Amino acid sequence: MELISIIVPCYNEEESVPIFYETMSEVSSRMNEKYGVVFEYIFVDDGSSDKTLQIVKALAEDDDRIKYISFSRNFGKEAALLAGLEHASGELTAVMDADLQDPPELLEEMYAAIKEEGYDCAAARRTSRKGEPPVRSFFAKLFYKLINKISNAEITDGARDYRLMKRCVVDAILLLKEYNRFSKGIFGWVGFKTKWIEYKHTDRAAGQTKWSFWKLLLYSIDGIVAFSTVPLSIAAFVGILFCFVAFVMILVIIIKTVIWGDPVAGYPSTVCILFLVSGVQMFTIGILGQYISKSYMETKHRPHYIIRETNNNTVKGQQ
Ligand code: UDP
Ligand code: MG
């Protein structure tokens with residue numbers, strides 16, 4: 001029988017996990033009857049401070065399809081996803097949020113896409129950003145436009161991390177060992193035939209989103225730095241442009257001085273120019289700093305996560 005692993009990253013999801021499990025149970029028994037597939041669940045507790053782990057453990061006692069991995073602290077969703085993928089043993093693997101914003105019913109459609117239409121991967125893409133603050137939507141759209149222009153990994157607007165993948169796709173993703181992980185980019189980068197399934201965005205089943213605007217902004221910078229080196233060229237380009245402008249200005253000033261002399265004036269404009277040029281310098285140094293700090297973290301080869309507790313006997317050790 002074919003095994004589907006369902007990876008569920010959980011961070012303070014005590015309210016959502018039971019609802020998730022219930023909904024998934026319905027879907028899994030339906031799919032079991034229809035296609036003869038079986039499921040395993042990998043709940044990755046990302047250092048929750050509430051009762052998430054206890055709830056998952058209680059579920060695991062009654063259902064031996066449930067595996068859990070609990071981190072020693074909050075390592076972030078990317079680390080949780082990676083841990084799940086590393087410990088998934090199914091022929092097919094799905095990644096799904098605990099809050100039911102990724103409708104489990106879509107799994108059937110995803111499964112059919114892979115089995116009947118020959119895709120390697122089926123992913124969910126939300127069509128509306130309804131219910132989201134307008135400022136956040138605006139910046140999200142801007143981010144997707146920008147990153148697709150300046151990177152070679154295709155990152156689809158509205159793409160969720162929610163997807164069902166064949167073993168070959170999971171293995172390819174695991175080949176990318178980078179420390180700064182940006183899954184949306186990694187999924188696009190590995191390629192493979194992907195079917196996009198569109199659905200309407202729904203509100204969380206329970207609990208609160210873990211992403212503040214600030215966290216999302218930092219995450220988007222991570223995404224750009226991880227998948228594009230174009231900002232480095234922008235820095236160089238702006239530098240060259242400013243040198244050129246300065247050169248022309250020097251020429252103009254010399255010619256002006258030779259012809260009309262040099263009445264002392266223009267203090268305010270000098271200060272403005274000083275501010276502008278030093279601002280551009282700081283900005284470009286900042287871009288450099290982003291890349292250097294990322295390579296610094298990569299060279300440390302720190303583990304992506306540390307496991308505190310698990311019921312998964314096939315654990316390959318801490319990654
Ligand atoms: N999550 C996690 N670690 C974190 C933040 C979030 O494992 O540090 C999980 C969270 O429990 C949920 C999923 O990632 O299952 C998506 O988080 P959330 O719903 O807050 O994000 P949104 O849907 O608002 O993008
Ligand atoms: Mg959510």
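Counting restarts for each chain: residues are numbered from 1 in the order of the written sequence. Chains carry letters and ligands carry numbers; both start at the beginning, A for chains and 1 for ligands, and go up in the order they are written. Where totals are concerned, whole chains, interfaces and linings use all residues; where local detail is concerned, this predicted model gives features only for residues with pLDDT of at least 70, and gives and counts side-chain atom pairs only at 80 or more. Only heavy atoms go into the side-chain values, all of them from the structure, while hydrogens and water stay out.

(A) Quick look at the overall build of the protein. Helix and strand assignments come from DSSP, with helices taken as H or I runs of at least 4 residues and strands as E runs of at least 2, each series counted from the N terminus. A tally of regular secondary structure across the protein gives ten helices and eight strands. For the protein, the C-alpha radius of gyration of 25 Å lies well beyond 20 Å, the compact-globule estimate for 319 residues. Remark: exposure states derive from per-residue accessible area (1.4 Å probe, protein chains only) relative to the maximum for the residue type, with buried under 20%, exposed over 50%, and partly exposed in between. For the protein, the proportion of its 319 residues judged to be buried stands at 44%. Here the contacts in the protein between residues at least 6 apart in sequence split such that 82% fall between residues at least 24 apart. The globule rule used for comparison is 2.2 Å times the number of residues to the exponent 0.38, while the radius of gyration itself is calculated over C-alpha atoms. Between two residues, a contact is recorded if the distance between any of their heavy atoms is within 4.5 Å.

(B) Highlighting the coordination of the magnesium ion (ligand 2). Each metal site lists N, O and S donors within 2.8 Å (3.2 Å for Na, K and Ca). With water left out of the atoms, a site can look as if it is missing ligands. Looking at the magnesium ion (ligand 2), one finds its protein donor set to be Asp99 (OD) and Gln101 (OE1), positioned 1.9 Å from the metal centre. When sorted by exposure, aspartate 99 lands in the same class as glutamine 101, which is buried.

(C) Summary view of the pairing of strand 3 (residues 66-71). With six of its six residues buried, strand 3 lies for the most part within the structure. Side chains of strand 3 alternate between two faces, with Ile66, Tyr68 and Ser70 and Lys67, Ile69 and Phe71 buried alike. Pairing analysis gives five bridges linking strand 2 (residues 37-45) to strand 3, with the strands arranged parallel. Residue pairing across strands places isoleucine 42 opposite lysine 67, the latter belonging to strand 3. Assessed by its sense of winding, the connection that carries the chain from strand 2 through helix 2 (residues 52-62) to strand 3 is right-handed. Of the strand pairs in this sheet, strand 3 and strand 8 (residues 307-310) are connected by three bridges, and their pairing is antiparallel. By the bridge assignment, phenylalanine 71 is partnered in strand 8 with isoleucine 307. Whether two strands pair comes down to DSSP finding at least two bridges between them. Looking down the strands as they point away from the viewer, one classifies a crossover as right-handed if the path from the first strand across the helix to the second runs clockwise.

(D) Representation of the environment of proline 18. Among the secondary structure elements, proline 18 is positioned in helix 1 (residues 16-35). Taking the relative accessible area as the measure of exposure, proline 18 reaches 33% and is therefore partly exposed. In the structure, proline 18 is positioned 37 residues away from isoleucine 55 in sequence and 7.7 Å away in space, judged by C-alpha atoms.

(E) Structural view of the site of ligand 1. Note on definitions. A residue lies near a molecule or strand when any single heavy atom of the residue is within 4 Å of it. Close to ligand 1 lie 17 residues; Glu13, Asp46, Asp99, Thr209 and Lys210 are nearest. A distance of 2.8 Å separates an oxygen atom of ligand 1 from a polar atom in the backbone of tyrosine 11. Here glutamate 13 contributes a side-chain N or O atom positioned 2.6 Å from an oxygen atom of ligand 1. Notes on ligand 1: free accessible area 530 Å², of which the protein chains cover 91%. Contacts described as polar in this section are N or O atom pairs within 3.5 Å, which, within protein, must combine one atom able to donate a hydrogen with one able to accept it, while residues neighboring in sequence count only if both atoms come from side chains. Note that accessible areas follow from Shrake-Rupley with a 1.4 Å probe, and for residues the cover is restricted to the protein chains shown.

(F) Seen up close, the state of the cysteines. Note on terminology: pairs of cysteine sulfur atoms within 2.5 Å are recorded as disulfides. Within the structure shown, the criterion is met by zero disulfides. Of all cysteine sulfurs in the structure, the one in cysteine 121 sits closest to cysteine 168, which takes part in no disulfide; the separation is 9.1 Å. Residue class for cysteine 168 comes out partly exposed when judged on its relative accessible area of 34%.

(G) View of the packing of helix 1 against helix 2. At a minimum axis distance of 9 Å, the contact between helix 1 and helix 2 shows a crossing angle of 30°. With respect to helix 2, the axis of helix 1 lies roughly parallel. Facing Val17, Pro18 and Tyr21 of helix 1, the residues of helix 2 in contact are Thr52, Ile55, Val56 and Leu59. In this count, Pro and Cys sit with the nonpolar residues alongside Ala, Val, Leu, Ile, Met, Phe, Trp and Tyr, while Asp, Glu, Lys and Arg are called charged and the others, Gly among them, polar. When its residues are assigned to classes, the contact of helix 1 with helix 2 shows six nonpolar, one polar and no charged. Note on geometry: axes are lines fitted to C-alpha atoms, helical ones only across the stretch in contact, with angles between N-to-C directions running from 0 to 180 degrees. Geometric relationships in this document are graded by angle, where less than 35 degrees denotes roughly parallel, more than 145 denotes roughly antiparallel, 65 to 115 denotes roughly perpendicular, and other angles denote oblique.

(H) Seen up close, the side chain of asparagine 312. Positionally, asparagine 312 belongs in the segment after strand 8. Excluding its chain neighbours within four sequence positions, the residues that come into contact with asparagine 312 are Lys67, Tyr68 and His87.

(I) Representation of the UniProt feature "transmembrane region" (unreviewed entry) in the protein in the model. Per the UniProt record, the feature "transmembrane region" (unreviewed entry) sits at residues 224-255 and 267-292. Across residues 224-255 one finds 94% helix and 0% strand; the C-alpha atoms that close the span lie 44 Å apart. UniProt positions are given in the numbering used here, feature names are shortened, and annotations may be inferred rather than shown by experiment.

(J) Just the packing of aromatic side chains, in detail. In summary, the pairing rule links any two rings of Phe, Tyr or Trp, Trp by its six-membered ring, whose centres are within 6.5 Å, and it sorts them by plane angle into stacked for under 30 degrees, edge-to-face for over 60 and tilted for everything else. Considering all chains together, one arrives at twelve aromatic pairs under this definition. Arranged with centres 5.6 Å apart and planes meeting at 65°, the rings of phenylalanine 139 and phenylalanine 213 form a pair that is edge-to-face. In this pair, phenylalanine 139 is assigned in helix 5 (residues 134-150) and phenylalanine 213 in helix 8 (residues 213-227), connecting sequence segments 74 residues apart. Classification of phenylalanine 139 by relative accessible area gives partly exposed; the value is 37%. Each ring is checked for a lysine NZ or an arginine CZ that lies within 6 Å of its centre and within 35 degrees of its normal; such an atom marks a charge sitting over the ring. Stacked on the ring of phenylalanine 75, the Lys or Arg arginine 73 has its end atom at 3.9 Å from the ring centre. Over the aromatic face of tyrosine 119 sits the side chain of lysine 193, whose NZ or CZ is 5.4 Å from the ring centroid.

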